[in-house]
Amino acid sequence: MEHQSESPTLEELALQSSFQQWVRYPTPMLDQYWEMWMQGHPDRITLVNQARELVLSLHFPDDLTLEEVDEEWSKMQYLIQQESTEDVHVYHIERRRSLSFWVSRAAIVTGVLLGIALVYTWMRPLPMLTYKSGYGQVKNVVLPDGSTVVLNAHSSIRLDATWDANKPREVWMDGEAYFSVKHQSNNQRFLVHTPDSMTVEVLGTTFTVLSRATQSRVILNTGKIRLHRRIAGKSEAVVMQPGEQISLKKETKKLEKRMVNPEIYKGFTNNKLIFQNTPLPEIISQLEELYNLEVQTTDSLLLKKEFTGTFPINKPALLLEAITRAYKLQVIKERNRLVLEPVKDTL
């Protein structure tokens, strides 16, 4: 964490990378740090809120190249120079402007300069590594600390190119991944962030995280983890034990805990899809997410069925064939669209 001045100005506070990180991508550690700092400096709470509003009011694209950043920087420098020239010109014509007028003009220019500094800071982010797996592909990744991640199909993770031993190890993920985290001698924390504001905090353990459009869940295989979630500006934390699964219900935004067999959910690490009394709607969602398919059924009763079996992850056709045989269905194919419907009896 950066050294924090006892009496920072608005500009100094808004330009701090740790403050920007807290405002834009909060973590439990950053929440704790800044809450403690405000408790120790109650006279600076208004300043913190002003700096926070300033940071949140500025939005910039993440996909600009460094050349484009330099070009935009040059343009803004030119505009400020023009602004300064205009101020001098007006001053010679209207010498009798009040002091408050010039103070307000100076504040505007200062705000523009601060905004430009923020733009330049954000547009030059720290180097990030991104790992992605394609549809129907499982990918193995070794992290800077020797921990390993197995990405299920159509998944990704992002992390800093280098990790500081004095800061938490952080990974941002989307999709589904199995983590095997190495414990560090200094008890360095390991944080996994998901798009739906959940953070998994661990020291050394194995677990699976799923974060898809239809569902999110965390399953603990070994060790002990703490699951954090931010909702409506508040934080909640749940401690998990091995064999527990916590699911986030998209409709209610509530967390649900239950005991499961973790080995079933890590089958993809061995290139397998394992189902044990799995509801067919969940299997259909996996077919769509893992293989870029659109699966529909004309039989509403089918959605109440369950299915058990193990299949190679790179052969979804075998899974479809088993389901159609088990429930006497036929598959109508239209490019990436599949329709499951009952086989019509023939006389």
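Bear in mind the structure is a predicted one, so any value in this text is a computation, not a measurement. (Residues numbered from 1 in each chain as written. Predicted model: local features only at pLDDT ≥ 70, side-chain atom pairs only at ≥ 80, totals over all residues. Heavy atoms only, no water.)

### Quick look at the nonpolar core
Ranked by internal contacts, the top residues of the largest apolar core, which has 27 residues, are Leu143, Ile157, Phe179, Phe190, Val200 and Phe207. Looking at which element gives the most residues to this core, the answer is strand β5 (residues 169-180), with four residues. Each residue touching Ile157, except ones within four places of it in the same chain, is listed here: Leu129, Thr130, Tyr131, Val141, Leu143, Val149, Leu151, Val171, Trp172 and Met173. Grouped together as the second largest cluster of nonpolar side chains are 25 residues, Val150, Leu290, Tyr291 and Ile313 included. (Core = buried A, V, L, I, M, F, W, Y, C linked by side-chain atoms within 4.5 Å. Buried < 20%, exposed > 50% of the residue type's maximum accessible area, 1.4 Å probe, protein only. Helix = DSSP H or I, 4+ residues; strand = E, 2+ residues; numbered from the N terminus. Contact = heavy atoms within 4.5 Å.)

### Brief notes about the environment of Thr205
Looking at the secondary structure, you find Thr205 in the loop between β7 (198-202) and β8 (206-211). If near-sequence neighbours (up to four positions away) are discounted, Thr205 is found in contact with Phe179, Ser180, Val181, Leu220, Thr222, Gly223, Lys224 and Ile225. A polar atom in the side chain of Thr205 sits 3.5 Å from the backbone nitrogen of Gly223. (Polar contact = N/O pair within 3.5 Å; in protein donor to acceptor, adjacent residues only side chain to side chain.)

### Details of the confidence of the model for the protein
Low pLDDT marks regions whose predicted coordinates should not be analysed in detail. In the predicted model, the protein carries a mean pLDDT of 80, and the fraction of residues at 70 or more is 77%. Taken together, the stretch residues 59-66 has pLDDT below 50 and engages in eight contacts with residues farther than four places along the chain or on a different chain. (pLDDT = per-residue confidence, 0-100.)

### Details of the packing of aromatic side chains
Applying the stated criterion to the full structure yields eight aromatic pairs. Judged by centre distance (5.1 Å) and plane angle (10°), the ring pair of Phe179 and Phe207 falls under stacked. Of this pair, Phe179 sits in strand β5 while Phe207 is found in strand β8, placing the two residues 28 residues apart along the sequence. Of the aromatic side chains, those joined through ring pairs into one cluster are Phe19, Trp22, Trp34 and Trp37. (Phe/Tyr/Trp six-rings, centres within 6.5 Å; stacked < 30°, edge-to-face > 60°.)

### With respect to unusual backbone geometry
A positive phi angle, close to 60°, is found at Asn187, a residue other than glycine. Its identity is not glycine, yet Asn277 carries a phi of approximately 50°, on the positive side. Positionally, Asn277 belongs in strand β14 (residues 272-279).

### Observations concerning the packing of helix α8 (residues 280-291) against helix α9 (residues 316-326)
Interaxial distance between α8 and α9 falls to 12 Å at its minimum, and their mutual angle equals 155°. The angle between α8 and α9 places the two elements in the roughly antiparallel class. Classified by chirality, the crossing of α9 by α8 is left-handed. Of α9, the residues touching α8 (which contributes Leu280, Ile283, Leu287 and Tyr291) are Pro316, Leu319, Leu320 and Ile323. Of the residues that constitute the contact of α8 with α9, the class distribution is eight nonpolar, no polar and no charged. (Axes fitted to C-alpha atoms, helices over the stretch in contact; angles between N-to-C directions. Parallel < 35°, antiparallel > 145°, perpendicular 65-115°, else oblique. Left-handed = near helix turned anticlockwise from the far one by under 90°. Nonpolar A, V, L, I, M, F, W, Y, C, P; charged D, E, K, R; others polar.)

### Examining the environment of Lys224
Along the chain, Lys224 turns up in the loop between β9 (216-222) and β10 (225-231). For the pair formed by Lys224 and Val202, sequence separation is 22 residues and the distance between their alpha carbons is 6.9 Å. Those residues in contact with Lys224 that sit more than four places away from it in its chain are Val202, Thr205, Val239, Met240 and Gln241.

### Brief notes about α9
Turning to α9, its buried residues are Leu319, Leu320, Ile323 and Thr324. Here the buried residues of α9 occupy an arc of 130° about the axis, which is enough to place them on one side. When the buried face of α9 is taken as reference, the exposed residues oriented beyond 90 degrees from it are Ala317 and Arg325. Contacts from the buried residues of α9 go to β14, α8, β16 (306-312), β17 (329-334) and β18 (337-342). (Arc of directions from axis to C-beta.)

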